[in-house]
Amino acid sequence: MLIVRDARYRDTAAMMRILSLCPEAGRWRRKDLQPAAPTTKARLVAEIDGRVVGFLLAECALQDEAEILTLAVEPAARRQGAARTLVYVFLQCREGEVFLEVRRSNIAAQRLYEACGFRVCGSRPAYYQAPPEDA
């Protein structure tokens, strides 16, 4: 059974493990993933049968605008609805616009975001590092 909930401090190790399996998700420090108060970041995790298999990290600095910073699901748990559900739950909790960047080569992520209602509104040359790539 898939459950999406707010991340807890004890989820940090699982989130770091997932990042190590998903180089396309970018590099984040442990402290960026840990829930802390007060914060403008939203952190959601997806669990399947009680095991954290994915997470979404977003910046919500403005009331009517947010940015999804990263979305990662461990490879063994992909195509089971975790990523889509994380995005939908996040969008249901927000009012206003939500932005994100995605690697030009990450076609699977682009399709997911399109299916969730996102649309391309521009590009960012050389946005990503290691390896360099447009967003």
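For the structure, check the block above.
Structural notes, computed from the coordinates.

What counts, and at which threshold
- Residues numbered from 1 in each chain as written.
- Predicted model: local features only at pLDDT ≥ 70, side-chain atom pairs only at ≥ 80, totals over all residues.
- Heavy atoms only, no water.
- Pairing = 2+ DSSP bridges.
- Helix = DSSP H or I, 4+ residues; strand = E, 2+ residues; numbered from the N terminus.
- Axes fitted to C-alpha atoms, helices over the stretch in contact; angles between N-to-C directions.
- Contact = heavy atoms within 4.5 Å.
- Buried < 20%, exposed > 50% of the residue type's maximum accessible area, 1.4 Å probe, protein only.
- Arc of directions from axis to C-beta.
- Core = buried A, V, L, I, M, F, W, Y, C linked by side-chain atoms within 4.5 Å.
- Lys, Arg positive; Asp, Glu negative; His and termini not counted.
- Salt bridge = Lys/Arg side-chain N within 4 Å of Asp/Glu carboxyl O.
- Polar contact = N/O pair within 3.5 Å; in protein donor to acceptor, adjacent residues only side chain to side chain.

### Some points on the sheet that holds strand β2 (residues 41–48)
The strand order across the open sheet formed by 5 strands is β1-β2-β3-β4-β5, and the pairing between neighbours is mixed. Strands with a single pairing partner mark the edges of an open sheet, and in this sheet they are β1 (2–6) and β5 (97–100). Going across the sheet, the axis of each strand differs from the next one's by a mean of 25 degrees, ignoring polarity. Along the sheet face, helix α3 (residues 82–92) touches β1, β2, β3 (51–62), β4 (65–73) and β5 and points at about 30 degrees away from the line of β3.

### Examining the environment of Cys-116
Inspection of the secondary structure assignment puts Cys-116 in the segment after α4 (107–115). The residues touching Cys-116, leaving out its near neighbours within four places in the chain, are Arg-84, Val-87, Tyr-88 and Leu-91.

### Section: unusual backbone geometry
The phi angle at Asp-49 is positive, at roughly 50 degrees, despite the residue not being glycine. Note that Asp-49 resides in the loop between β2 and β3. On the basis of relative accessible area, Asp-49 is assigned to the exposed category, the value being 64%. Positive phi outside glycine occurs at Arg-79, with the angle close to 65 degrees. Examined against the element boundaries, Arg-79 turns out to sit in the loop between β4 and α3.

### Describing α4
Here α4 has its buried residues at Ala-109, Leu-112 and Tyr-113. Projection of α4 onto a plane perpendicular to its axis shows the buried side chains occupying an angular sector of 95 degrees, all on one side. In α4, those exposed residues whose orientation departs by more than 90 degrees from the buried face are Arg-111 and Glu-114. Positive phi shows up at Gly-117, right after α4, with a value of about 100 degrees.

### Describing the nonpolar core
In terms of nonpolar packing, the biggest core is built from 27 residues, with Leu-56, Ile-68, Leu-71, Phe-90, Tyr-113 and Phe-118 touching the most fellow members. Among the elements that line this core, the one with the most residues is α3, at 5 residues. In this view, Phe-118 contacts Ile-68, Val-87, Leu-91, Val-98, Leu-100 and Tyr-113; residues no more than four positions away in its chain are not counted. The next biggest cluster of nonpolar side chains, apart from the first, holds 13 residues, and it includes Leu-33, Val-45, Val-52 and Ala-72.

### Considerations on the side chain of Arg-43
Residue position: Arg-43 is located in strand β2. Of the side chains with opposite charge, Asp-32 lies nearest to the buried Arg-43, which makes no salt bridge, at 6.4 Å. In this structure the side chain of Arg-43 is engaged in a polar contact, spanning 3.2 Å, whose partner is the backbone oxygen of Leu-33. Polar contacts involving the side chain of Arg-43 include one to the main-chain carbonyl oxygen of Gln-34, which spans 3.3 Å. Discounting residues that sit within four places of it in the chain, Arg-43 has contacts with Arg-5, Asp-6, Ala-7, Lys-31, Asp-32, Leu-33, Gln-34, Pro-35, Ala-36, Leu-56 and Leu-57.

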